[in-house]
Amino acid sequence: MELRESEEKTKSNYNFTLFGEPVIKTRCQRNAFMYGICGGIIAGLVGFLLTSSGRNATHAGVISCVAITTCLACKCTYEELQMRRDARLLKKVMHEMSVETKIKDTNSDNSPQNLESI
């Protein structure tokens, strides 16, 4: 009993959500964070080389990190939702086609034309 409760607590600790979706479950959220962090570091270094001001370079790095992460996370979430919508639509069409095929098969088995040809 206590083991299950501790497992549920650890699972709930890892459920960090972004835009209503758990980050762990979405496919490219991790990449969005990694690209954002790397882009922020690079922007900070370039900003420092250009301005020789640590404060301005830090601001440039943080702002670029947040901007890159937000843009890529939004793009990733949008693509994920589109893929789920397409999968739902495909599943619906496949179900409708299977129902139509079953109806045609049952109607063709009982038709007099098929019985005469046998």
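Owing to the predicted nature of the structure, the values given are computational and were not obtained by experimental measurement. Every chain is numbered on its own, with residues counted from 1 as its sequence reads. Local features in this predicted model are restricted to residues of pLDDT 70 or higher, and side-chain atom pairs are both shown and tallied only at a pLDDT of 80 or more, whereas totals for entire chains, interfaces and linings draw on every residue. Side-chain metrics rest on all non-hydrogen atoms present in the structure, leaving aside hydrogens and water.

The subject of this paragraph is a nonpolar patch on the surface. Patch criteria: residues need more than 30% relative accessible area and no salt bridge. Like-charged residues are merged within 9 Å; nonpolar side chains of Val, Leu, Ile, Met, Phe, Trp and Tyr are merged within 5 Å. Each accessible area is a Shrake-Rupley estimate made with a 1.4 Å probe; only the visible protein chains count as cover when residues are assessed. Every case where a carboxyl oxygen of Asp or Glu lies within 4 Å of a side-chain nitrogen of Lys or Arg is listed as a salt bridge. Nonpolar side chains collect at one region of the surface, where Ile37, Ile41 and Leu45 lie side by side and expose about 300 Å² of accessible area between them. Secondary structure elements follow DSSP: runs of H or I no shorter than four residues count as helices, runs of E no shorter than two count as strands, and numbering proceeds from the N terminus. Within the secondary structure, leucine 45 sits in helix α2 (residues 29-51).

Below, the discussion takes up the confidence of the model for the protein. Residue-level pLDDT values for the protein average 80, and 69% of them are 70 or greater. Predicted confidence in the protein is weakest over helix α4 (residues 112-117), with a mean pLDDT of 52, and strongest over α2, with 91. The predictor reports its confidence for every residue as pLDDT, a score running from 0 up to 100.

Turning to the state of the cysteines, a few remarks are in order. Disulfide assignment relies on a single distance test, namely cysteine sulfur atoms paired within 2.5 Å. Counted by the stated rule, this structure contains 1 disulfide. Sulfur-sulfur distance for the disulfide between cysteine 28 and cysteine 76 comes to 1.9 Å. Disulfide cysteine 28-cysteine 76: torsion about the S-S bond near 120°, hence right-handed. Highlighted residues: cysteine 28 in the loop between β2 (21-22) and α2 and cysteine 76 in helix α3 (residues 54-110), separated in sequence by 48 residues. Judged by relative accessible area, which is 24%, cysteine 28 ranks as partly exposed. You can see cysteine 38 has no disulfide; the closest cysteine sulfur is in cysteine 65, sitting 9.2 Å from it. Unpaired in terms of disulfides, cysteine 71 finds its nearest cysteine sulfur in cysteine 74, a separation of 6.9 Å. A residue is classified by how much of its surface remains accessible, and cysteine 71, at 56% relative accessible area, is exposed. Burial status follows relative accessibility: with a 1.4 Å probe on protein chains alone, a residue under 20% of its type maximum counts as buried, one over 50% as exposed, and anything between as partly exposed.

To continue, consider the pattern of salt bridges. Pairing between side chains of opposite charge can happen when the charged atoms of each approach one another. Under the defined criterion, the tally for this structure stands at 3 salt bridges. Lysine 75 is the salt-bridge partner of glutamate 79, the closest N and O atoms lying 3.0 Å from each other. Taken together, the positions of glutamate 79 and lysine 75, both in helix α3 and 4 residues apart, correspond to about one turn of that helix. By relative accessible area, glutamate 79 is classed as partly exposed at 38%. For lysine 75, a relative accessible area of 46% corresponds to the partly exposed category. The residue glutamate 80 makes a salt bridge to arginine 84 at a minimum N-O spacing of 3.8 Å. Linking glutamate 80 with arginine 84, this pair stays in helix α3, spanning 4 residues, or about one helical turn.

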